[in-house]
Each structure stands twice: as C-alpha cells, then as structure tokens.
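Fold and geometry: a report
This is what each chain is made of:
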Amino acid sequence: MKELRLMKGNEAIAEAAIRAGADGYFGYPITPQSEILEYLMAEKPYETTGMVVLQAESEVAAINMVYGGASCGKKCWTSSSSPGISLKQEGISYMAGSELPGIIVNVVRGGPGLGTIQPSQADYFQATKGGGHGDYRLLVLAPASVQEMADFIPLGFDLAFKYRNPVMILTDGVIGQMMEKVELPEFTPRWTEEEIVKMSGDWATTGKTPDRERNIISSLILDSAKQEKHVKKLELKYKAMEADEVRYETFQCEDAEYLLVAFGSTARICQKSVDIARAKGIKVGLLRPITLYPFPTIPIHELASQVKGMLVVEMNLGQMVEDVRLAVNGKVQVEHFGRCGGMIPNPDEIVKNLVSKIIGG
Amino acid sequence: MTEEIIIAGFGGQGVLSMGKILAYSGIMQNKEVSWMPSYGPEMRGGTANVTVIVSDERISSPVLNKYDTAIILNQQSMDKFECSVKAGGYLIYDGNGITRHPDRKDINIYRIDAADEASKMGMTKVFNMLVLGGYLKLKPIVSGEFIHKGLEKSLPKRHHGMIPENEKAVEIGKDLIYPIHVL
C-alpha cells in the first residue's frame, strides 16, 4: 500500500523530490515556501539517497547551481516565491537557451515588488510568456491540491528531460501552506553515472570519451544565422509540447450553459462556486488548465460553442483571461473576476460575479 | 457528511495543532480532509486561525467564508467569525477574555470554560484538547479510537508519552461544554 500522510503542499513537493530520485536542490528561503528548504534540511536526503540540499547565498546563485547540475545531466531543482523568482529569470532564460532540464517551483505571493506573503496568481504572465529575455517557453504545471504538488515533481522531471527544457510548477501560498491527505509515490533511485551517460551522453557534460566530440553547454551563439537556426529548433519543441502536453480537467461541463475558467487554488474555490450556483439552478461548469503552457486552447474553443459566456477567475488583475479570449476568439462573452494583493476570492462572490457580469441581473 | 470548521484564537493556544489532530484523525477514519492555516500578517500580530474540512467526499474549496462550526477562543476571533457561522450551525467559545458574548439567534451557541479548567487542573498544555473534546461531544465526526491514531500521527515520537494526558483532556472536555442558546 502506498503511504498516506497529512502534509503541507510545500512539504509534499520536497518529499516527492527525494522520492523521485532528484540529485540536487538549491534554494534560498522566502515566505510562503520556506518549508521546502526546511523540510529537506530536516530529512537530510544527502545521508540517504545522496541528493544534495544546499542553501545558496542568493536566488541568483541557486538557479545557476541548477544550471550547473543540469549541464551534467542531473535532476536538479529550485524553488522560491515571486520576488525570488524574478531574481532567477536570467538563469531560467539561460537554461532555456542552453536546453537544460530542471524544475523551478514558484509559490506565488502578492506583488508587485516585495508585495505581501499572502497567496496570489499574479505571476501567470511571467511564467507563461517568458519572464526572462529571449524567445523561449517554460512548460508550466499548475497544481490544485497537495497530491498534485507531489505528483508534479516526477512528472515535471519526465517532461523536463523529454524536451530538455525547464519546467515551472506555478502554485501559491494556499496550496503551499495547506495540509491535505497525500499518497506518496514509491522511491525511485537516483540515476547512476552510467545511466546518465546512456540517456544524456549526447549532450550533457559527462566527461569526454575518445569516440565523441566535446559536449558544450552554452546559450551564446554570436552568428545570427546559427542563432536563428537554434531558436527555430527551440520552436519545434514548443510546437511538440503544444501538440502533446496539454493537460486540463473539466468539472460539470457536460450540460453547462456557463463556464468558469480557473487554475490552481482558485479552481478549487470555483468548484464550490459551481455547487452553489447549481443549487440555485444555474448550469455552470469549470475548466481547469493543468498546463498553463501549453494552454488548453482547443478545449476552451470547443466549449465556446456550447456555453453562453465564460468567467475567468484569478488572483490577479486579469492575466489568463487574455489566453481564454484568444481561445474563444470573440465567439462568446468572456469576463474576468479577480482578487489581488493577497486577497482570496470566496465561493459566494464568484457566483455573484458570474451572475452580474455574465448572466445578467 | 461534510463538516466545515474554523478554529480561531491566539497563537500559542494550540489552534493549529488542534486542527491538525482533528484532520489526521479524519484521515485515519478514511475521510477526506483539508487544513488551511492563516499564515499571513494577522498571524504575526498574534492571532491564529485554521479552516479544517472533514468530509466523506472530495473536498472542493479549502478556503471558505461560511462555516458549519466556529470554535472561537478570543475576542478578536469572535468579532471576525461570529457572523460567518451558517444559519443553523454551531458556535463554540471559551468565555475567558470574552467581553462581548455572541448574540445570534439563528445558530446554536455553546460555551466551554476550558482555559479556566486547564489552569485549575495544571494542564494548560492540553487546553486545546479540552476544547476538541467539547466539540466532539456536539459533533462526533471522528471516534475516540481514531483520535488516538490522529494523536500518534500528529505528535512527534518523543511526545508520545503525552498521548494519555491528551486523551484524558478530550474526555474531560466533553463534560465541560454547556449550551447558551440552542435552536
């Protein structure tokens, strides 16, 4: 039987990484995600699996340690919260440019600036549209439960190595701080050096052998023609992700006349709103994007033929709503309801806004 | 069955750990649970609260604005959460330090003087378990056997010697609670 525990999202993500056979975690404390580093330091995986846990001198150092570890074909990850993620952006862009796998966890807090420690989803644009400089994409996973916090670590590593691209887990203080029942995955041993050579020996710096050229990890390509070729190669990966990696969940959409669209913790709150609205006779469903990039454009486009209007609920001033509007392409009315600055929408006010902004009355 | 609870009081009263023990006991009894603490600036100001949901079904929102039961352990929390109890729901409060008593007529109100009793008995550490006992008297959502398992899971091994004292407090708490206004 799998092990059942009551854990915080932050703890579950840390435990899942140990169990997924991660090689290294490099981080710097910041609320509301400090439990990740604290949990790892208490568990001491460096004494059991050999996973390195290191509190770096700064966020910039931490992301570049992930860059270094990933360059050797190792499973490395880091975590932070909004202001710290901003500091990591240069390193994230370099990882994307150098085609390095790895996971970056952002337990989002209210911003801009140092903002507040309370939950927010205001980093949607940063996570899905770039964040750092240059033409690149992160594959972005948005967990809505403590279970998914644990599940998305092994999934994230699989996707990161499949595409040789950094993966971001975009969550917030609600999921990070809350405790729920979680079924922990079995232990996967860390890759041996031989396994890494076999899997990633064609690109990773695993030590030159006489039968191949040196592997060089770099994002510097001064020749414009070569740089364009490189970016076009990256584009093919993003197209492949868009074709194969879209993940989403629907909730009571079969007979829905109206649709809520929300991700992460807000999607959990919206489920309750669906129940409240349906008790009042309003046929509403919920679509929850699980991957924010690639975005579930097609299922939202298809639902636009079924429903009379959509309300996008976010803990920000309106970010994902732009992607929903692109998917709907004017077919039905799409409105936004958001709380920000660390305020969490409650189930009743979502229903109230659905009625006032979409249904009318 | 779905029971949506807010437990609110001062930091140090054991608000978060009471919620955790209740949630873990729920898991042991094969129920779905969620535990959502306040971790923001209000916590740093000395107040603490936690939303606990115990249910037979998958839990949707871990964040709520109305509760089946509010367990209120200081005046600030009374001011904030008395109005958040669903009509027909339960408000349980410790009278210690309460200057404005609850006056809603559409809910059940019970009082438990656990703080006084805990200090009389020299058991201030298990104050929160007295309150939990009072709550479980009204809403036996988890049974004693599972509270025991929940305590085992919630407390670090080095504190397992304190489990009998905690269980005793739960039993005493059941006798301490009394009605103020019942529908």
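In this report, we go over the structure that sits alongside the text. (Residues numbered from 1 in each chain as written. Chains lettered and ligands numbered in written order. Predicted model: local features only at pLDDT ≥ 70, side-chain atom pairs only at ≥ 80, totals over all residues. Heavy atoms only, no water.)

**Quick look at the overall build of chain B**
In terms of helices and strands, chain B carries seven helices and seven strands. Here the C-alpha coordinates of chain B stretch approximately 40 × 40 × 35 Å along the principal axes. For chain B, with 183 residues in total, the buried portion stands at 57%. Carbon and sulfur atoms make up 52% of the accessible area of chain B, which amounts to about 7600 Å² in all. Charged side chains of chain B number 21 positive and 21 negative; the gap between the two group centres comes to 4 Å. (Helix = DSSP H or I, 4+ residues; strand = E, 2+ residues; numbered from the N terminus. Buried < 20%, exposed > 50% of the residue type's maximum accessible area, 1.4 Å probe, protein only. Areas by Shrake-Rupley, 256 points an atom, 1.4 Å probe, with all protein chains shown as cover. Lys, Arg positive; Asp, Glu negative; His and termini not counted. Charge placed at Lys NZ, Arg CZ, Asp CG, Glu CD.)

**Quick word on the sheet that holds strand β1 (residues 2-10) of chain B**
An order of β1(A)-β8(A)-β2(B)-β3(B)-β1(B)-β4(B)-β5(B)-β6(B)-β7(B) is seen for the nine strands of this open sheet, with the pairing classed as mixed. Of all strands in the sheet, those bounded by a partner on one side alone are β1 (3-8) of chain A together with β7 (178-181) of chain B. Within this sheet the neighbouring strands show an average axis-to-axis angle of 25°, counted without direction. By the bridge criterion, five bridges tie strand β4 (residues 67-72) of chain B to strand β5 (residues 85-93) of chain B in an arrangement that is parallel. Looking at β5(B), one finds that A70(B) is bridged to L91(B). (Pairing = 2+ DSSP bridges. Axes fitted to C-alpha atoms, helices over the stretch in contact; angles between N-to-C directions.)

**Things to note about the interface of chain B and chain A**
The partner chain A presents 26 residues to the 28 residues of chain B that form the contact. Area buried by chain B at its contact with chain A is led by W35(B), Y39(B) and S60(B), which between them contribute 27% of it. Between the two partners, chain B and chain A, sit four salt bridges. For K66(B), the salt bridge identified is with D348(A), shortest N-O distance 2.9 Å. (Contact = heavy atoms within 4.5 Å. Buried area = accessible area lost by both parts, 1.4 Å probe. Salt bridge = Lys/Arg side-chain N within 4 Å of Asp/Glu carboxyl O.)

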